[in-house]
Amino acid sequence: MGLLSDPVRRRALARLVLRLNAPLCVLSYVAGIAWFLALAFPPLTQRTYMSENAMGSTMVEEHFAGGDRARSLARDFAAHRRKSGALPVAWLERTMRSVGLEVYTQSFSRKLPFPDETHERYMVSGINVYGILRAPRAASTESLVLTVPCGPDSTNSQAVGLMLALAAHFRGQIYWAKDIIFLVTEHDLLGTEAWLEAYHDVNVTGMQSSPLQGRAGAIQAAVALELSSDVVTSLDVAVEGLNGQLPNLDLLNLFQTFCQKGGLLCTLQGKLQPQDWTSIDGPLQSVQTLLLMVLQQASGRPHGAHGLFLRYRVEALTLRGINSFRQYKYDLVAVGKALEGMFRKLNHLLERLHQSFFFYLLPALSRFVSIGLYMPAAGFLLLVLGLKISSASTLHEAGVGPEEAGGASGSSPPYPPTQGVGLASLVAPLLVSQAMGLALYVLPVLGQHVAAQHFPVAEAEAVVLTLLAIYAAGLALPHNTHRMVSTQAPDRGWMALKLVALIYLALQLACITLTNFSLGFLLAASMVPAAAVTKPSGPRPLYAALLVLTSPAASLLGSLFLWRELQEAPLSLAEGWQLFLAALAQGVLEHHTYGALLFPLLALGLYPCWLLFWNVLFWK
């Protein structure tokens, strides 16, 4: 405390930080990247363990043997679906009632902000069907959900058949203390969102739906099931939810435990668990799995129907059956037994899952990294901004430029005060930058019809092209704002603007990192170096190229190439550009449809901040 309270020592510390600013920044950035990569190695990653006492043992005996019935129901469902061309609602109602469930339907409709060319839909309407198995041993105060999303382009018939076979099996048991809801949704995530909003009596996305006629208790946990074949070689689990939310780690541990008990092969991000952690191959594979999870979590997309349950404080995950060329194959009985064991253990819960972690990273299915171990990686990157802010504020208060500071840093007297920079000179760049961000957020959707009328493009293409046009128009920002800056502003006005931009970026990245570490870390890793070195003197073309390559759009494009490379499906430049355009359209669509926050964060926050650094670079 004496170091900070003594003015002489504080000035000495400031001079030391100023003199060693560049080496400290480089060291801090390298330490952040190295810490992140080290998260995949055993000293920083821990073995998963069950924290909830009620689920700490797998001593339940699974009796499910309805594999033939599940396959028969799947064939009937697929035949009725092909015949009707939509979800066979009447057949589902009849089948669910035949196994003893309370059956209800819900109709919903949604007009998308612009046509979804990926799924070829604009005006969406459908019907959800759900059946409730009432608990014979308790009142309807708590419930569990087994859901199967059915889209127009998805083949999920085997999942429906297995769900109905499990419902018939569960109906004959007397030990259930929670209601079990068997839900079949139409149009994938749109149907799931409509049902969840109606169940919780809220409307957060503008969905139009009929009220639910039947309800169970408060939902404690949910499992979404996706199967495309009668035979599976492995079960892949998806945990990333809307805006990077994750389920309680105990739910994932429960899935892994019953897969091990039944001999099922389980994967994460499509990757098998490393078997040999003593050699370099195991940690390298875990680095790939870790990077895949970070990229998927940073996207903010719900990677399965479970991702929408997490918004309502319902712990959920998605299980996908994979049928590949692996040697070992499993039928629907093995998958059904794993699901039966999971639901029986969840049935024992006396309270919501809360004892394990909600913030974690997964380098492998059996290992995790807690929040206390991965946060220093982002902390080191943010420290670079803190050092630059300290240096810029010291120079700004002293009225000394960066070039002059090198010769004055060794002198002990304080810097002589000079004329300060008026805040009026910073108003124009700040207002114009935020106006560009607001235009990037509002105009693409509002102006899609105007663009489609005047240009030979569809509405979805008009949205993407408007996004790119407004984004590129920001490159002309320095020329426009410098006209509005007072000529009485001193030459070092860019220092004040860079100080404001650094503080703005540091606050944004810190807030994002606290809620979605993966997004915050990726943005910090890409934007911090350019933000630290940008100035209007020196090799300006090099700084300009660095700023463009680390802009939010370029970071998104690079993330797509890295994601496909880690999936062992590399992209060509043309394929990468097409995927980038599709990602832009999906990002805007998912924000307006489900409430994903990545698009507004980039448009209203990080893009205007990046424009401030662009303005600093071309300061006159």
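- If you check an unreviewed UniProt entry, the protein chain appears there as GPI-anchor transamidase component GPAA1 from Muntiacus muntjak.
- Here the protein chain is described in UniProt, under the heading Function (unreviewed entry), as follows: "Component of the glycosylphosphatidylinositol-anchor (GPI-anchor) transamidase (GPI-T) complex that catalyzes the formation of the linkage between a proprotein and a GPI-anchor and participates in GPI anchored protein biosynthesis. Binds GPI-anchor."

## Concerning the overall build of the protein chain
Right, on to step 1. Counting its secondary structure elements, the protein chain contains 23 helices and twelve strands.
Right, on to step 2. The 620 residues of the protein chain split such that 54% are buried.
Right, on to step 3. A sequence separation of at least 24 residues applies to 80% of the contacts in the protein chain between residues at least 6 apart.
Right, on to step 4. Approximately 26100 Å² of the protein chain is accessible, and the part contributed by carbon and sulfur atoms is 62%.

## So, the pattern of salt bridges
Right, on to step 1. Enumeration according to the criterion identifies eleven salt bridges in this entry.
Right, on to step 2. Residue Asp68 is joined to Arg71 by a salt bridge in which the shortest nitrogen-to-oxygen separation is 2.4 Å. In this pair, Asp68 and Arg71 are both assigned in helix H4 (residues 67–84), three residues apart and thus about one turn of the helix distant.
Right, on to step 3. Note that Glu93 and Arg97 form a salt bridge whose closest N and O atoms lie 4.0 Å from each other. Note that Glu93 and Arg97 are positioned in helix H5 (residues 89–98) at a spacing of four residues, about one turn of the helix.
Right, on to step 4. Salt bridges sharing partners connect three or more residues here, namely Glu102, Arg134 and Asp179.

## Comments concerning the sheet that holds strand E9 (residues 266–268)
Right, on to step 1. In space, the nine strands of this open sheet follow the order E6-E2-E3-E5-E4-E7-E10-E8-E9, with mixed pairing throughout. Two strands close off the open sheet at either side, each with one partner strand: strand E6 (208–209) and E9.
Right, on to step 2. Bridging between strand E2 (residues 102–116) and strand E3 (residues 121–133) involves eleven bridges; their strand directions are antiparallel. Across the sheet, residue Thr105 finds its bridge partner in E3, namely Val129.
Right, on to step 3. Packing of H5 onto the sheet brings it into contact with E2, E3 and strand E5 (179–186), and relative to E3 it is tilted by some 10 degrees.

## Describing empty space enclosed by the protein
Right, on to step 1. Inspection of the entire model under this criterion finds two cavities of 30 Å³ or more.
Right, on to step 2. By volume, the largest cavity is sized at about 40 Å³.
Right, on to step 3. In terms of lining residues, the largest cavity is bounded by Cys266, Thr267, Leu268, Lys271, Leu272, Gln273, Pro274, Thr289, Pro363, Ala364 and Leu365.
Right, on to step 4. With three residues, E9 is the largest single contributor of residues to the lining of the largest cavity.

## So, the UniProt feature "transmembrane region" (unreviewed entry) in the protein chain
Right, on to step 1. As recorded in UniProt, the sites labelled "transmembrane region" (unreviewed entry) are residues 20–41, 357–385, 421–442, 462–478, 499–522, 542–563, 570–589 and 595–618.
Right, on to step 2. Here residues 20–41 is 82% helix and 0% strand, with 32 Å between the C-alpha atoms at its ends.
Right, on to step 3. Regarding residues 595–618, the helix share stands at 83% and the strand share at 0%, and the terminal C-alpha atoms are separated by 36 Å.

## Comments concerning the packing of aromatic side chains
Right, on to step 1. Counted under the stated rule, the structure contains 21 aromatic pairs.
Right, on to step 2. Note on Phe517 and Phe521: the rings are 5.7 Å apart at their centroids and 25 degrees apart in plane angle, and the pair reads as stacked. Taken together, the residues Phe517 and Phe521, both in helix H19 (residues 517–533) and four residues apart, mark about one turn of the helix.
Right, on to step 3. The class of Phe517 is buried, set by a relative accessible area of 4%.
Right, on to step 4. Overall, Phe521 belongs to the buried group, its relative accessible area being 3%.
Right, on to step 5. One aromatic cluster in this structure is built from Phe170, Tyr175, Trp176, Phe182 and Phe343.
Right, on to step 6. In this structure, Arg215 is placed above the aromatic ring of Tyr199, and the distance from its NZ or CZ to the ring centre is 6.0 Å.
Right, on to step 7. A cation sits over an aromatic face here: Arg344 above Tyr175, 4.2 Å from the ring centre.

## Structural notes on the environment of Gln269
Right, on to step 1. One can find Gln269 in the loop between E9 and helix H9 (281–299).
Right, on to step 2. For the pair Gln269 and Leu362, spaced 93 residues apart in sequence, the C-alpha separation works out to 9.8 Å.
Right, on to step 3. Leave out the neighbours within four places in its chain, and Gln269 touches Asp236, Val237, Glu240, Thr289, Leu292, Met293 and Gln296.

## Some remarks on the side chain of Glu240
Right, on to step 1. Its location among the elements puts Glu240 in the loop between strand E8 (234–238) and helix H8 (249–262).
Right, on to step 2. Look at Glu240: it is buried, it has no salt bridge, and the nearest opposite charge is Arg320 at 6.8 Å.
Right, on to step 3. Reaching out from Glu240, the side chain makes a polar contact with the side chain of Gln269 at a distance of 2.6 Å.

## Some thoughts on the nonpolar core
Right, on to step 1. One finds Leu162, Trp195 and Phe255 to be the most contacted residues of the largest nonpolar core, which totals 186 residues.
Right, on to step 2. In terms of residue count, the dominant contributor to this core is helix H23 (residues 598–617) (13 residues).
Right, on to step 3. Residue contributions to this core reach at least three from each of two domains, namely domain 1 (53–365) and domain 2 (425–618).
Right, on to step 4. For Phe255, the residues in contact, after removing those within four places along its chain, are Leu235, Val237, Cys266, Leu319, Met342 and Leu365.

## Considerations on helix H3 (residues 21–38)
Right, on to step 1. An ideal rise of 1.5 Å per residue puts 26 Å on 18 residues; H3 measures up with 25 Å between its terminal C-alpha atoms.
Right, on to step 2. If you check which residues of H3 are buried, you get Asn21, Cys25, Ser28, Gly32 and Phe36. In an axial view of H3, the angular spread of the buried residues amounts to 65 degrees, which keeps them on one side of the axis. Of the residues in H3, the exposed ones pointing more than 90 degrees away from the buried face are Val26 and Leu27.

## Let's talk about the packing of H9 against H19
Right, on to step 1. Where H9 contacts H19, the two axes come as close as 7 Å, and the packing angle between them is 100 degrees. The orientation of H9 relative to H19 falls into the category roughly perpendicular. For the pair H9 and H19, contact is made by Val294, Leu295, Gln297 and Ala298 and by Ser518, Leu519 and Leu522, respectively.
Right, on to step 2. Class assignment for the residues of the contact of H9 with H19 results in five nonpolar, two polar and no charged.

## Some thoughts on the sheet that holds strand E1 (residues 46–47)
Right, on to step 1. Here we have three strands laid out as an open sheet, ordered E1-E12-E11, and antiparallel in their pairing. Two strands in the sheet have a free side with no partner beyond their single neighbour: E1 and strand E11 (360–364).
Right, on to step 2. Sheet analysis places E1 next to strand E12 (residues 367–370), joined by two bridges and oriented antiparallel. Note that in E12 the partner of Gln46 across the bridge is Phe368.

About the thresholds
- Throughout this document, residue positions are counted from 1 along each chain, in the order its sequence is written.
- With the structure being a predicted model, the display of local features is reserved for residues of pLDDT at least 70 and the display and counting of side-chain atom pairs for 80 or more, all residues being used for whole-chain, interface and lining totals.
- For the side-chain quantities, the full set of heavy atoms in the structure was used; hydrogens and water were omitted.
- UniProt positions are given in the numbering used here, feature names are shortened, and annotations may be inferred rather than shown by experiment.
- Numbered from the N terminus, helices here are DSSP runs of H or I no shorter than four residues, and strands are runs of E no shorter than two.
- Buried, partly exposed and exposed residues are distinguished by accessible area as a fraction of the type maximum, computed with a 1.4 Å probe on protein chains only: under 20%, between the cut-offs, and over 50%, respectively.
- Contacts are residue-level and defined by heavy atoms, with any inter-residue pair within 4.5 Å sufficient.
- Computed with a 1.4 Å probe, the accessible areas rest on the Shrake-Rupley method; for each residue, only the protein chains presented here act as cover.
- Here, a salt bridge means any side-chain nitrogen of Lys or Arg that lies within 4 Å of a carboxyl oxygen of Asp or Glu.
- The pairing criterion for strands is at least two bridges between them, as found by DSSP.
- Only the stretch in contact is used when a helix axis is fitted, and all axes are lines through C-alpha atoms; the angle between N-to-C directions ranges over 0 to 180 degrees.
- Think of a 1 Å grid over the protein atoms and nothing else: a 1.4 Å probe that fits but is trapped marks a cavity, an open set flanked by protein within 12 Å on at least five of seven lines marks a pocket, and residues with an atom within 4 Å of a point count as lining.
- Grid points are joined across faces, edges and corners, and a volume is the space filled by probe spheres set on the points.
- Between 30 and 60 degrees the pair is tilted, below 30 it is stacked and above 60 it is edge-to-face, where a pair is any two Phe, Tyr or Trp rings, Trp via its six-membered ring, whose centres lie within 6.5 Å.
- Lysine and arginine charges are scored as sitting over a ring when NZ or CZ, respectively, is within 6 Å of the ring centre and within 35 degrees of the ring normal.
- Neither His nor the chain ends is counted toward charge; the positive residues are Lys and Arg and the negative residues Asp and Glu.
- Any pair of nitrogen or oxygen atoms within 3.5 Å is treated as a polar contact; in protein, a donor-acceptor pairing is required on top of that, and neighbouring residues in sequence qualify only through side-chain atoms on both sides.
- In these notes, a set of buried Ala, Val, Leu, Ile, Met, Phe, Trp, Tyr and Cys residues joined through side-chain atoms within 4.5 Å is what counts as a nonpolar core.
- Per the annotation, domain bounds derive from an automatic or database assignment of domains.
- By definition here, a helix of n residues has an expected span of 1.5 Å times n minus one.
- Note that the arc is defined by the directions from the helix axis to the C-beta atoms.
- We call two directions roughly parallel when the angle between them is under 35 degrees, roughly antiparallel when it is over 145, roughly perpendicular when it lies between 65 and 115, and oblique otherwise.
- Three classes are used: nonpolar for Ala, Val, Leu, Ile, Met, Phe, Trp, Tyr, Cys and Pro, charged for Asp, Glu, Lys and Arg, and polar for all others, with Gly counted as polar.

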